[in-house]
Amino acid sequence: VERFEELRDAGFTLNFRSFPSADAVAKGLDAAGKAGIKLIIGCPELEKEPEKTVRRFMNHSALAGYFLRDEPRSNEFAELGEWARRIQAVDNEHFCYLNLFPTGPKEHLDQLGVKSYREYVSRFDEQVPLPFLTFDHYPITRDGLKAEWYENLEEFSDEARKAGKPFWAFALATSHGPYPVPTPAMLRLQVYSDLAYGAQGIQYFTYWTPQGDSFWDYQFGPIGLDGKRTVAYDRVRAMNQELKALSGIFVGAKVISVRHTGDRIPRGTKRLTALPEPVKVLETEGTGAVVSLLENKGRLYLLIVNRDYECPMRLTFYADESVGRVLKDGSIVPAQAYTGVLEVDPGDAMIYTWTKKRK
């Protein structure tokens, strides 16, 4: 129970746990429930005897959903779809969870059994009946930002819209292989970019540091191999506190447009060429920004994300008096209370808002 309370205090609401048996699942659900955490459960019995296992746990208050498999190839879709339907025939109140691969070169797509990444996502959605889509992509390596990351967000979010389903995305919390220990700026860049494209769930890989090998060498997950908190615990906790304060903007938001600024914009993205009506000037210096226009409950939100996780970005912003600026605690102040030239911290976001005009 104390471990789940520690997870809760870091700002998490869901925890994915793969258990060695159904009896272990029962103990895990009871402990999580006492801490106010819900679990996405997986165990061998869920695959061998799905109906029986689902009936055993479907009424537990700490159950969020059922884990099927991670990063499937296209030749697994039919089998996974049948498995999901068997579970949902017994329990359609809790979701089935299955996370998809990110994009990659032709060799990667060949292994997935598809000609394009869009085909991978759309075929999965056609064959596996899940309520939302989710994928992982860890974009920041020791060599810099992956060129294909924003293109991946463009394609995945668009396929989710076509399917009429929300999507979840990831931020990397554990160093391994080519991936460094995430700084607060790295976490913010990943989270705010995910949200800019409409993500409705933010996930972290991982919370507990996994046992690694000579290549992956997992280090500095929020909870280390020795069971103690690492520097990542406080960084993820701070990120989640920030997210919670701003969640009213993003939960249920509809993406109107996502554009990019900068001398060079990321591959597969679109350049910002027009501004929303109340905004008079929006200019960035340096690497550039993600500029997302969101609509939620009669308000419009302009999210401007500094794509550089190492250097601040100078932002020039002028708008009419109807525009407010959203602060980190979720409060709104007049945008005109600030100077027209501001600095956005590395990987951070500036958020502006105004009431949508009725037609």
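Model, not experiment: these values are computed from the prediction. (Residues numbered from 1 in each chain as written. Predicted model: local features only at pLDDT ≥ 70, side-chain atom pairs only at ≥ 80, totals over all residues. Heavy atoms only, no water.)

A short note on the packing of aromatic side chains
To be explicit about the condition: Only Phe, Tyr and Trp rings take part, Trp by its six-membered ring, and two of them pair if their centres are within 6.5 Å. Stacked means planes under 30 degrees apart, edge-to-face means over 60, and tilted covers everything else. Secondary structure elements are defined from DSSP: runs of H or I of at least 4 residues count as helices, runs of E of at least 2 residues count as strands, and each element is numbered from the N terminus. Here the term buried applies to any residue with accessible area under 20% of the maximum for its type, exposed to any over 50%, and partly exposed to those in between, with areas from a 1.4 Å probe on protein chains only.
Tallied over the full model, the rule gives 22 aromatic pairs. Their ring planes at 75° and their centres at 5.2 Å tell us that F95 and F132 sit as a pair that is edge-to-face. With F95 in strand β4 (residues 95-99) and F132 in the loop between α7 (117-127) and β5 (133-134), the pair connects residues that are 37 residues apart, well separated along the chain. For F95, a relative accessible area of 17% gives the class buried. Aromatic pair Y207 and W208: ring centres 6.3 Å apart, planes at 85°, arrangement edge-to-face. Given a relative accessible area of 9%, Y207 falls into the buried group. Under the relative-accessibility criterion, W208 is labelled partly exposed at 33%. Clustering of aromatic rings is evident, with ring pairs tying together F16, F67, F95, Y97, F132 and W168.

A closer look at the environment of E285
With respect to the element layout, E285 can be found in the loop between β11 (279-284) and β12 (289-296). Using a relative accessible area of 47% as the deciding quantity, one classes E285 as partly exposed. Spatially, the C-alpha atoms of E285 and D158 are 28 Å apart, while their sequence positions differ by 127 residues.

Some thoughts on the sheet that holds strand β9 (residues 201-205)
Convention followed: Here, any two strands with at least 2 DSSP bridges between them count as paired. A contact between two residues is defined here by any heavy atoms of the two lying within 4.5 Å. Each axis is a line fitted through C-alpha atoms, and for a helix only the stretch in contact is used; angles between axes span 0 to 180 degrees, taken between their N-to-C directions.
Read from one edge to the other, the open sheet built from 3 strands follows the order β5-β8-β9, with strand pairing classed as parallel. Looking at which strands have only one partner, the edges of the open sheet turn out to be β5 and β9. Two elements, β5 and strand β8 (residues 167-172), share 2 bridges in a ladder whose sense is parallel. Residue pairing for β8: T134 is matched across the bridge by W168. Docked against the sheet, helix α9 (residues 184-196) engages β8 and β9, running at close to 170° with respect to β8.

A short note on the side chain of D308
This is how the line gets drawn: As used throughout, the charge tally considers Lys and Arg to be positive and Asp and Glu to be negative, leaving His and the chain termini uncounted. What counts as a salt bridge is simple: a side-chain nitrogen of Lys or Arg found within 4 Å of a carboxyl oxygen of Asp or Glu. Any N or O atom pair separated by 3.5 Å or less is treated as a polar contact, with the protein-specific requirement of one donor-capable and one acceptor-capable atom, and with residues adjacent in sequence counted only for side-chain atom pairs.
Checked against the element boundaries, D308 lands in the loop between β13 (299-306) and β14 (313-319). Despite its burial, D308 pairs with no opposite charge; the closest candidate is R307, at 9.0 Å N-O. Polar contacts involving the side chain of D308 include one to the main-chain amide nitrogen of E310, which spans 2.8 Å. In this structure, D308 is in contact with T287, P346 and G347, ignoring residues within four places of it in sequence.

A closer look at the side chain of N306
Here N306 is to be found in strand β13. At 3.3 Å, the side chain of N306 forms a polar contact with the backbone oxygen of D345. Aside from chain neighbours lying at most four places away, what touches N306 is L189, G288, C311, P312, M313, V344, D345, P346, G347 and D348.

Some details on the pairing of strand β2 (residues 38-42)
Burial runs high along β2: 4 of the 5 residues are buried. In the sheet, strand β1 (residues 14-18) pairs with β2 via 5 bridges, with the strands oriented parallel. Counted as the bridge partner of N15 is L39 from β2. Where β2 and strand β3 (residues 63-70) come together, 3 bridges link them in parallel fashion. The residue of β3 that forms the bridge with I41 is Y66.

Here's the deal with the sheet that holds β1
Taken in spatial order, the 4 strands make up an open sheet running β1-β2-β3-β4, and their pairing is parallel. Here the strands that pair on one side only, and so sit at the sheet edges, are β1 and β4. Neighbour-to-neighbour, the strand axes of this sheet turn through a mean angle of 30°, independent of strand direction.

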